[in-house]
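The residues making up each chain are set out below.
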Amino acid sequence: MSAAASGPGRRARVSRLVSFSATHRLHSKSLSNEENLKLFGKCNNPNGHGHNYKGERKTGEILALSIDPVTGMVMNLTDLKEYMEEAIMKPLDHKNLDLDVPYFADVVSTTENVAVYIWENLQKFLPIGVLYKVKVYETDNNIVVYKGE
């Protein structure tokens, strides 16, 4: 491939999917036990419940979408894999989100907040402006997309 084939103006987004298992209880300290049960239903089980989450992380924004003419890549996927291991897998996989992850001590562990947590953690490893969105699949039917807004 010549440098011209991936040269200026060529843009792409890269995504990588990871899966992690975690347990949690949907429960807000701001609500009574009755209000929590009414709002969260069976997900408010005092013993918690679990999910096999899938987290998709996409990279790129206007400045970061350019394909490097020398490497032919937006980002080295080996680096991306390592960043996701540190930012997602180590802190979340096979954990009780409410008990093992300090972030969720005072934040309800909804999938929306899991997406925010992943976004904030990934930002620590990536150059500014590279992270485009985080997509978290709680189930095949429940999906949250967060773009840092």
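The rules we used
- Note on numbering: residues in each chain are counted from 1, in written sequence order.
- Predicted model: local features are reported for residues with pLDDT of at least 70 only, side-chain atom pairs are reported and counted for 80 or more only, and whole-chain, interface and lining totals are derived from all residues.
- Side-chain metrics rest on all non-hydrogen atoms present in the structure, leaving aside hydrogens and water.
- Salt bridges are counted wherever a side-chain nitrogen of Lys or Arg sits within 4 Å of a carboxyl oxygen of Asp or Glu.
- A run of DSSP states H or I qualifies as a helix once it reaches four residues; a run of E qualifies as a strand once it reaches two. Both are numbered from the N-terminal end.
- Exposure classes here rest on a 1.4 Å probe applied to the protein chains alone. A residue is buried below 20% of its type maximum, exposed above 50%, and partly exposed in between.
- Fitted lines through C-alpha atoms serve as axes, helices being fitted only where they are in contact, and the angles separating the N-to-C directions of these axes extend from 0 to 180 degrees.
- Here is the rule for angles: anything less than 35 degrees is roughly parallel, anything more than 145 is roughly antiparallel, 65 through 115 is roughly perpendicular, and the remaining ranges are oblique.
- Definitions for this section: a left-handed crossing has its near helix turned counterclockwise from the far helix by less than a right angle. A right-handed crossing has that turn clockwise.
- Here, residues are in contact when the closest pair of their heavy atoms is within 4.5 Å.
- When residues are sorted by character, Ala, Val, Leu, Ile, Met, Phe, Trp, Tyr, Cys and Pro go into the nonpolar class, Asp, Glu, Lys and Arg into the charged class, and all the rest, Gly among them, into the polar class.

(A) Layout of the pattern of salt bridges. A full pass over the atoms with the stated rule returns two salt bridges. Residues Asp106 and Lys29 are paired through a salt bridge, measuring 3.4 Å at the closest nitrogen-oxygen approach. Of this pair, Asp106 sits in the loop between α3 (97-100) and α4 (111-123) while Lys29 sits in the loop between β1 (14-24) and α1 (33-40), and the two are 77 residues apart along the sequence. Of the two residues, Asp106 and Lys29, neither departs from the other in class, the shared state being exposed. Across the salt bridge formed by Lys90 and Glu86, the nearest N and O atoms sit 2.6 Å from each other. Pair noted here: Lys90 and Glu86 are both in helix α2 (residues 77-92), with a separation of four residues, about one helical turn.

(B) Quick peek at the packing of α2 against α4. At a minimum axis distance of 9 Å, the contact between α2 and α4 shows a crossing angle of 140 degrees. Compared by their axis directions, α2 and α4 come out oblique. Judged by the sense of rotation from one axis to the other, the crossing of α2 with α4 is right-handed. Residues Tyr83, Met84, Ala87, Ile88, Pro91 and Leu92 of α2 lie in contact with α4, whose contacting residues are Tyr117, Ile118, Asn121 and Leu122. Of the residues contributing to the contact of α2 with α4, the split by class is nine nonpolar, one polar and no charged.

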